[in-house]
Each structure stands twice: as C-alpha cells, then as structure tokens.
Amino acid sequence: MSTAIPRLAASGAGSSGGGESGYGHLLREGEIDVSHRVILYLEDVSVSFDGFRALDALSLAIDDGELRCVIGPNGAGKTTMMDVITGKTRPDAGRVSFGQSIDLTRMRESAIAQAGIGRKFQKPTVFEQHTVWENLELALKGERRWWRGLAWRTTLDEARRIDELLATIRLEDEARRPAGLLAHGQKQRLEIGILLAQEPRLLLLDEPVAGMTDEESERLADLLVALEGRQSIVVVEHDMAFVRRIARRVTVLHEGRVLAEGTLDEVKADDAVVEVYLGR
Ligand SMILES: Nc1ncnc2c1ncn2[C@@H]1O[C@H](COP(=O)(O)OP(=O)(O)OP(=O)(O)O)[C@@H](O)[C@H]1O
Ligand SMILES: [Mg+2]
C-alpha cells in the first residue's frame, strides 16, 4: 500500500547544498523533512494557459505550523497556485517541494493527498444523509475501509479522536444530526473536521468564508487560529475582515507573482498593493 514518493536531489530544495540538508536525516516512511522549518516551497513556478501566464516564476515558502493568508485581486493566480500544489495543474517550470525532499510536481493528485496535503473546496462535500459523527468516523477510517463503511466497529481510540474533532470544529451538539441539516457554516466546519481526521500536514483553504454569516466566519477564524502551530494552513480569502482576524504573515499575489509579503498592516501600507488591490 505504500506510495512511491519522488525524492528531490540531495542538495535540498533551493539550498546550495552542503551542510546537513538532504543528508543525515533519518526519516521514517511518510515523514516530512521539515529540518529547515519549511513545509512547502514553491520556486520559480510558472503556469501558462494558452500563452497567458497565470503564475509567473512564483516563489513562496510556508513554515511548518504556520497560518498563512494569501490575498490578491481576481485572476492573480491564487487558485492556480493551489492547483499546482495539489497536483491538479502541472507547472510548465519551477519546483514545488513538500518539506525538504518530496517533489510534488512529479506526483499524482491522489499521492499528494496521501502524502499529507489536504484541500478544502468551496462547496462542502459531506455525506448529507449521514450524521456528523458518521462523517468523521468515515473520514477517520480512511478510504480503504470506506465502502465497507459503518459495519466496521469503531475502537475506543477512534471514538475519542472523533470527540476531539467535534470539539475542535465546535459541533459537539450536532453530532447526531444528519450533515444535510447543518447550516452552511457548520457544514464548512464539518468539512474541515473531515480533512483534519486524515491528519494532513498542510491544509489549503480557498475562500472558506464565502457565503458565511459574520458569526460563522468568526467561528471559522477562531478554529483556524486554534490550529496554529499544530497544523500548517494556507488560506486564500478576499474577505478582509476575516483576514484581519487570522492574519499573521500575509502574501499578496498579483499577476502570478508575489507583490508583497509581511504583516497585514505592512502589506496594506505598501504602495504597489494599494494600487492594484486594497485601494485608497
Ligand atoms: N484552466 C484554465 N484555463 C485557462 N485559463 C485559466 C484556467 N485556470 C485559470 N485561468 C486563468 O488564470 C488566471 C488566474 O486564475 P486564478 O483562478 O488562479 O485566479 P485567482 O487569484 O484565484 O482569482 P479569484 O480571486 O477570482 O479566485 C485567470 O486569468 C484565469 O482566467
Ligand atoms: Mg480563485
């Protein structure tokens, strides 16, 4: 059942080699080498669609455990960046590595997900007719047992883990409700719970608060902030009230490149950012 994971050359992504990068780390299978604190590197990544450059030599690094916001105008390449990380789109050029040693550009979407990158799409994909508890149970048991499904006994450990997840996503009181009856924001939190059940090292969220009420959006912000340090998260969002709630380091994309990076106040004060995105 093991997946072949292409390893990068021993010099370590982006480094000039030497030192201990690539050597000297004994990793168990499935482990991600974050010896340089970085969980994800994009280096000079370019993607063109019919001659149009959606990503233009984009370079970016996300630290392990970091909560990073990516903002920028429509068409800046934010979703394309996530498509490249998850293997949905192949870059024309550049390197994408997960930790120091895993080359994502040579892996299939399913292998990337298995290696520990979870992605949340805008439309929640929960099993509507199953309860919240069952949705988490299925996610925990994983794909292999999925179709044999609920007939499998849930161990005490699994039950404890589901309780933990319910607390994290604040759906303890909804555990026995069919997921189809949840409010939009609750469904979105359930989907994050389903992703967390699979214990990804990196979670990608593309416009997670679209369609949420202010209260739901505040709850999601609290959830993401609570995951900081335990979970690396990249959030793409236009909703600046939400971004302000969760912002640590913020990256502004424009025309497929990084226009600015820093705290939200720093990027907001950047003339180039003001001109192309945030205005005034
Ligand atoms: N499959 C595709 N075929 C052709 N062009 C595409 C494709 N995917 C994206 N593009 C183009 O690439 C550019 C970047 O799109 P992308 O969806 O990454 O932007 P975005 O930053 O996510 O924008 P938004 O904030 O509106 O979601 C856009 O001009 C878009 O039209
Ligand atoms: Mg987008």
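What counts, and where the lines are drawn
- Residues numbered from 1 in each chain as written.
- Chains lettered and ligands numbered in written order.
- Predicted model: local features only at pLDDT ≥ 70, side-chain atom pairs only at ≥ 80, totals over all residues.
- Helix = DSSP H or I, 4+ residues; strand = E, 2+ residues; numbered from the N terminus.
- Buried ≥ 20, exposed ≤ 12 C-beta atoms within 10 Å, placed from the backbone.
- Core = buried A, V, L, I, M, F, W, Y, C linked by C-beta atoms within 7 Å.
- Contact = placed C-beta atoms within 7 Å.
- Pairing = 2+ DSSP bridges.
- Axes fitted to C-alpha atoms, helices over the stretch in contact; angles between N-to-C directions.
- Parallel < 35°, antiparallel > 145°, perpendicular 65-115°, else oblique.
- Left-handed = near helix turned anticlockwise from the far one by under 90°.
- Nonpolar A, V, L, I, M, F, W, Y, C, P; charged D, E, K, R; others polar.
- Near = placed C-beta within 6 Å.

> Describe the overall build of the protein chain, with residues and values.
Summing up its helical and strand segments, the protein chain has nine helices and ten strands in all. A buried classification covers 41% of the 280 residues belonging to the protein chain.

> So what about the nonpolar core? Which residues, and what values?
Note that soluble globular proteins tend to have their nonpolar side chains buried in a common cluster. Among the nonpolar cores identified, the biggest contains 53 residues, and Leu40, Ile85, Leu204, Val235, Ile246 and Val252 are the most heavily contacted of them. At seven residues, strand 1 (residues 38–49) tops the list of elements feeding residues into this core. For Val252, the contacting residues outside a window of four places in its chain are Ile71, Gly72, Leu259, Ala260, Val267, Val273 and Tyr277. Counting 19 residues, the second largest nonpolar core, distinct from the first, contains Leu136, Leu182, Leu190 and Ile192.

> Could you give me a rundown of the sheet that holds strand 4 (residues 93–98), with the residues and numbers involved?
One open sheet holds the four strands; their spatial order is 2-1-4-5, and the pairing between them is antiparallel. Each end of this open sheet is capped by a strand with a single partner; those strands are strand 2 (52–63) and strand 5 (102–103). The pairing of strand 1 with strand 4 spans five bridges and is antiparallel. Among the inter-strand pairings, Leu40 is bridged to a residue of strand 4, identified as Phe98. Each of strand 1, strand 2 and strand 4 touches helix 1 (residues 78–85); the most contacted strand, strand 2, lies at about 65° to it.

> I'd like a rundown of the environment of Leu138, residues and numbers included.
Counting through the fold element by element, Leu138 comes out in helix 3 (residues 132–146). It is 9.6 Å that separates the C-alpha atoms of Leu138 and Phe127, two residues lying eleven residues apart in sequence.

> Mind laying out the sheet that holds strand 8 (residues 232–236), listing which residues take part and the relevant values?
An order of 6-7-8-3-9-10 is seen for the six strands of this open sheet, with the pairing classed as mixed. The open sheet is flanked by strand 6 (117–120) and strand 10 (257–262), the only strands paired with a single partner. Mean inter-strand twist for the sheet, computed between neighbouring axes without regard to direction, equals 20°. Packed on one face of the sheet, helix 1 meets strand 3 (67–71), strand 6, strand 7 (202–206), strand 8 and strand 9 (249–254) and runs near 150° to strand 7. The strands touched by helix 9 (residues 271–278) within the sheet are strand 9 and strand 10, with strand 10 carrying the most contacts at an inclination of about 120°.

> Explain the packing of helix 5 (residues 184–197) against helix 6 (residues 214–227) to me, and be specific about the residues and the numbers.
Across the interface, helix 5 lies against helix 6 with an axial gap of 9 Å and an inter-helix angle of 20°. One element, helix 5, and the other, helix 6, form an angle in the roughly parallel class. Note on packing geometry: the crossing formed by helix 5 with helix 6 is right-handed. Taking contact as the criterion, the partners of His184, Gly185, Gln188, Arg189 and Ile192 in helix 5 are, on helix 6, Glu216, Arg219, Leu220 and Leu223. Taken together, the residues of the contact of helix 5 with helix 6 sort by class into three nonpolar, three polar and three charged.

> Describe the pairing of strand 10, listing the residues and the values that go with them.
Judged from the five bridges that link them, strand 9 and strand 10 form a sheet pairing that is antiparallel. Bridge pairing in strand 10 links His254 to Arg257. Adjacent in sequence and paired antiparallel, strand 9 and strand 10 are bridged by two residues, among which Glu255 carries a positive phi angle near 50°.

> Describe the site of ligand 1, naming the residues involved and giving the relevant values.
In the vicinity of ligand 1, the residues found are Phe49, Ala54, Gly72, Asn74, Gly75, Ala76, Gly77, Lys78, Thr79 and Thr80. A total of three residues in the shell around ligand 1 trace back to one element, the largest contributor, which is helix 1. For the shell around ligand 1, a count of residues per class yields three nonpolar, six polar and one charged.

> So what about the environment of Gly65? Which residues, and what values?
Tracing the backbone through its elements, the reader meets Gly65 in the loop between strand 2 and strand 3. Ignoring sequence-local partners within four residues, the contact set of Gly65 consists of Glu228, Gly229, Arg230 and Ser232.

> Now, about the pairing of strand 2: what can you tell me, with residues and values included?
Bridge analysis of strand 1 against strand 2 gives eight bridges, and the strand direction is antiparallel. Bridge pairing in strand 2 places Ser48 opposite Arg53. Between strand 1 and the antiparallel strand that follows it, strand 2, lie two residues; Asp50 among them carries a positive phi value of about 45°.

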